[in-house]
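So you can see what is in the structure, the chains are spelled out below.
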Amino acid sequence: MAEDEFARSGLSPTYAYLLMAVYEKEGISQKELSEILHLKPSTVTRLIEKLTSKGLVYNKVEGRMSLIYTTEKGKNLEKTIHECWMNLRQRYRDILGEREGDELTLHLDKISDQLENKE
């Protein structure tokens, strides 16, 4: 369902989620993105490289940190990506019901945090 919803943005869900995190915090570090997305830093680096080649983000090195920002082209996608996200959430709610859909999201977040902290 996520692939279907985000198709109109021209991005896969993973790329769209990364962009949503950057929208939330312009100048976010790659380390923070790794934590938010629950992905290895090397994977996040590859995602950023691809989004950079599409002209959607750029990175700025400050000291030892690489900070990620959206370009104007990337900012122009924000409304579309937000609409895709809301449509996906609505599809889940239509299938599961509003309460169950919200509970599933919370439960998945909790499980993801537990698995991440296991290391």
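Conventions adopted
Residue positions within a chain follow its written sequence, with the count starting from 1. For this predicted model, a pLDDT threshold of at least 70 governs which residues receive local features, and a threshold of 80 or more governs which side-chain atom pairs are given and counted, while totals over whole chains, interfaces and linings are taken from all residues. Computation of side-chain values: all heavy atoms of the structure, hydrogens and water removed. Per the convention used, a helix needs a DSSP run of H or I reaching at least four residues, while a strand needs a run of E reaching at least two, with both numbered from the N terminus. In short, Shrake-Rupley with a 1.4 Å probe defines the accessible areas, and a residue's cover is counted only from the protein chains shown. We treat Lys and Arg as the positive residues and Asp and Glu as the negative residues; His and chain ends play no part in the count. Charge positions are represented by NZ for Lys, CZ for Arg, CG for Asp and CD for Glu. pLDDT: the predictor's confidence for each residue, scored from 0 to 100. Relative accessibility decides the category of a residue: with a 1.4 Å probe and only protein chains considered, values under 20% of the type maximum give buried, values over 50% give exposed, and everything between is partly exposed. Whether two residues are in contact is decided by their heavy atoms, any of which lying within 4.5 Å being enough. Here a Phe, Tyr or Trp ring, Trp counted by its six-membered ring, pairs with any other such ring whose centre lies within 6.5 Å, and the pair is stacked when the planes are under 30 degrees apart, edge-to-face when over 60, and tilted otherwise. Where helices are involved, their axes are fitted lines through C-alpha atoms of the stretch in contact, as for all axes, and angles between N-to-C directions lie from 0 to 180°. By the definition adopted for this analysis, an angle is roughly parallel if under 35 degrees, roughly antiparallel if over 145, roughly perpendicular if from 65 to 115, and oblique otherwise. By the convention adopted, Pro, Cys, Tyr, Trp, Phe, Met, Ile, Leu, Val and Ala count as nonpolar, Lys, Arg, Asp and Glu as charged, and the other residues, Gly among them, as polar.

Turning our eyes to something else, we now look at the overall build of the chain. Helix and strand counts for the chain stand at seven helices and three strands. The order of α-helices and β-strands along the chain, N terminus first, is α-α-β-α-α-β-β-α-α-α. Total accessible area on the chain is roughly 7,900 Å²; 52% of this is exposed by carbon and sulfur atoms. Each charge class in the chain was averaged separately, 18 positive and 21 negative side chains, and the resulting centres sit 5 Å apart.

Right, let's talk about the environment of Leu47 for a bit. Looking at where Leu47 falls in the secondary structure, it is placed in helix α4 (residues 41–53). Along the backbone, Leu47 and Gly27 are 20 residues apart, and their C-alpha atoms lie at a distance of 16 Å.

Moving on, we come to the confidence of the model for the chain. Looking at the chain as a whole, the pLDDT averages 89, with 93% of positions reaching at least 70. The weakest mean pLDDT in the chain belongs to helix α7 (residues 98–118) at 72; the strongest belongs to helix α5 (residues 72–76) at 97.

Take the environment of Tyr17 next. Within the secondary structure layout, Tyr17 lies in helix α2 (residues 13–24). For Tyr17, a relative accessible area of 29% corresponds to the partly exposed category. Separated by 11 residues in the primary sequence, Tyr17 and Phe6 place their C-alpha atoms 10.0 Å from one another. Apart from the residues lying within four places of it in its own chain, the contact partners of Tyr17 are Ala2, Phe6, Leu37, Trp85 and Leu88.

Turning to the packing of aromatic side chains, a few remarks are in order. Counted according to the given criterion, the structure contains three aromatic pairs. Between Phe6 and Tyr17, the aromatic rings sit 5.6 Å apart at their centres with planes inclined by 85 degrees, giving edge-to-face as the arrangement. One end of the pair, Phe6, is in helix α1 (residues 2–6); the other, Tyr17, is in helix α2, and 11 residues separate them in sequence. Members of the aromatic cluster, connected to one another through ring pairs, are Phe6, Tyr17 and Trp85.

Take the packing of helix α3 (residues 30–37) against α4 next. It is the contact of α3 with α4, at a shortest axis distance of 9 Å, that shows an interaxial angle of 105 degrees. Considered as vectors, α3 and α4 are oriented roughly perpendicular to each other. Residues Gln30, Leu33 and Ser34 of α3 touch α4, and the partners they reach there are Pro41, Val44, Thr45 and Ile48. Of the residues that constitute the contact of α3 with α4, the class distribution is four nonpolar, three polar and no charged.

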